Amino acid sequence: MATEIVSDTHEAMEKLRIQKDSEDTRTMMLNMGPAHPAMHGVIQIKAELDGEMVRGCDIEIGYLHRGFEKECEVGTYTQCFPYTDRLNYVSPLINNFSFALCVEKMMGLEVPERCQVIRVLMNEISRISDHLTCVGASAMELGAFTVFLYMIKAREWLWELVESVTGARLTISYARIGGVKADLPKDFEGRCRKVIKDTAEVIEECDSLLKRNRIFYDRVKDVGVISAQRAMEYGITGPFLRASGTGYDVRKAQPYSGYENYDFDVPVGENGDSYDRYLVRMEEMRQSIRIVEQALDRLPEGPTNVDPQGELISPELMADLGKFGRTKGLLTNEALLEPTLEGSGQRQRPGIAAESVDAWIPAKEQTYSNIEALMQHFKIVMDGHGVRPPKGECYVPTEGANGELGFYIVSDGTDHPYRVRCHPPCFPIMAALSEILVGDQVADIIPTFGSVNMIAGELDR
Amino acid sequence: MAEDSITLKKLREQFGDSIIESHSRLGQDTAILPKKVLLEAARMLKEDPTLDYNFLMDVTAVDHFKRRPRFEVVYHFYSLNHNHRLRLKVPVGGESPEVPTLTGLWPSANWYEREVWDMFGISFQGHPDLRRILMYESFEGHPLRKDYPFDKRQPLVGETE
């Protein structure tokens, strides 16, 4: 048995043909990807086959050439948010909040309670939509197209909800350092409750289609097995780790955004195979629905953003109406000018004293109508001013849909991050994948790969 | 000053003189070690039952362009049983910076170290398969270095062959 992997498929096939009659047999090289209907993105799996069995494999993750970490060094902290949107394009809100949490921790900012609840709410909505996409897509790759359509239908409802809150479906840029972009729309609660109820029905419907389906069961049961110990050594987190029996969840272990106040369970599997990963994801969606319901129940009135002194601003001030010309008489308003900006008047306006202001963008109406707010706006937006965390570094882990999503930020005291590192949850899973696949058959690559929930934007940043 | 965590205490007991710095700002334990004790420290972190760091969560590097030594390799550890974290930093510099690999202790180090090599050009002594992971083989330079000329062009894939 030859052990080396022959690098070229044609060459390998040719050799195989020539040696057909000889006693010496060789392994065959099979390329899956970089463009394969069941491979997400530009992943290429170079599998070494012995008959139908995978003997070894090498995984190329390709490159999107976005350079997230490099781009972040160029812009200001606030300008990083659009980049974080594009890390995991199925649940961008989680990435947004995760980045904001890290900067807030460095600056010692505590966001108001309403903002925390909104963040939890949007986090869980994103988690459901992420799992719906993952389970739906991997079911489709195994032939269950109906399930895919049903799940994408439910995801569509959730995305409509996200759209009504953030103004976009994927490129949301909703988080701000110290708060969120805008408050929830007025009729949000009612719509959200309806969508959550409908989604729960879709989940149960799809579960009944898949769970005891002979074809689905046979193709995912005992496939792509990884033990809890091995998963930990590879640094795998999230549903992939939990399916093998270890109940590690950042929301429980090191709660953030007030997750400790919610009542939910962490589902844990037993065998660490694709079937358990499916079950864990389905159960996680049900738990997320529970969290969303609790968040809606407790949603407190009040501000959504912090002001520079850590005090609260009322949400009405944050309305963005002025920008759209919907504020009556805005253009004819007289600006409230401060006679002596550095003089006596400053004392009465501690909230807008430019030196001490950290992360507060004033309401647009304020910006248009008084000079202090205008200055504050520029102080946050202009290059060379901006949000400035103190010198130092910080790593904040959060529970992304796939596992631990962490941001590590190094600040040199300026308004540009010195270094931003994103710890993507699917990177360690892809690292372990070659080991997981060995010993399985060629057809098993697809359900196993589907259960990784590989997101290219996050994988190579 | 707050009480030191058990990890920092242990590290200080074991490597008292060689620890360059240790603190827990923002509630995050951080230790800066010279690279000669990295492997020994990592083994202790993994095998000491009171520390029990079973996750190597992340490996990355920071390019302090104007500082000497220039680079810092940053490790993030997590212990599931004790629910504590540690950030370990190893300064390296010179023409061809190099640190020992941790692949023998945590297999997760394999890809992380490949990525650090690809992005920063810090090589890992004893790594079984130190290839580029994100960029292609004929790519020149290491893009996350601060002095990487990002406005210059690169040879296309396969052009150099």
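Scoring rules and cut-offs
- Residues numbered from 1 in each chain as written.
- Chains lettered and ligands numbered in written order.
- Predicted model: local features only at pLDDT ≥ 70, side-chain atom pairs only at ≥ 80, totals over all residues.
- Heavy atoms only, no water.
- Pairing = 2+ DSSP bridges.
- Helix = DSSP H or I, 4+ residues; strand = E, 2+ residues; numbered from the N terminus.
- Axes fitted to C-alpha atoms, helices over the stretch in contact; angles between N-to-C directions.
- Core = buried A, V, L, I, M, F, W, Y, C linked by side-chain atoms within 4.5 Å.
- Buried < 20%, exposed > 50% of the residue type's maximum accessible area, 1.4 Å probe, protein only.
- Contact = heavy atoms within 4.5 Å.
- Buried area = accessible area lost by both parts, 1.4 Å probe.
- Salt bridge = Lys/Arg side-chain N within 4 Å of Asp/Glu carboxyl O.
- Polar contact = N/O pair within 3.5 Å; in protein donor to acceptor, adjacent residues only side chain to side chain.

Enquirer: Break down the sheet that holds strand β6 (residues 392-399) of chain A for me, citing the residues and quoting the values.
Expert: Remark on secondary structure: sheet strands pair via backbone hydrogen bonds, oriented parallel or antiparallel. All names here are of chain A. Sheet architecture is open: 3 strands sit in the order β6-β7-β8, paired in antiparallel fashion. Bordering the open sheet on either side are β6 and β8 (417-423), each of which pairs with just one other strand. Strand after strand, the sheet turns through a mean of 10 degrees between neighbouring axes, direction not considered. Inspection of the sheet shows strand β7 (residues 404-411) paired to β8 by 6 bridges, in the antiparallel sense.

Enquirer: Could you give an account of the nonpolar core, with specific residues and numbers?
Expert: In this structure, Ile45(A), Met430(A) and Tyr75(B) are the most contacted members of the largest nonpolar core, which totals 171 residues. With 11 residues, helix α5 (residues 113-141) of chain A is the largest single contributor of residues to this core. Each residue touching Tyr75(B), except ones within four places of it in the same chain, is listed here: Leu38(B), Leu56(B), Asp58(B), Val59(B), Leu86(B), Arg87(B), Leu88(B), Val90(B), Val99(B), Pro100(B), Leu102(B) and Phe124(B).

Enquirer: So what about the interface of chain B and chain A? Which residues, and what values?
Expert: With 42 residues of chain B at the interface, the matching set in chain A holds 41 residues. The junction of chain B with chain A conceals about 3600 Å² of combined surface from both sides, 57% of it contributed by carbon and sulfur atoms. For the pair chain B and chain A, the number of links is 8 salt bridges. Glu73(A) serves as the salt-bridge partner of Lys146(B), at 3.2 Å between the closest nitrogen and oxygen. Here chain B is connected to chain A by 22 residue pairs in polar contact (both at pLDDT 80 or more). Breaking the side of chain B that touches chain A down by element, the ones donating at least two residues are β3 (55-63), β4 (71-79), β5 (84-92) and α3 (109-120) of chain B. Here the side of chain B that touches chain A takes 9 residues from β3(B), the largest share from any one element.

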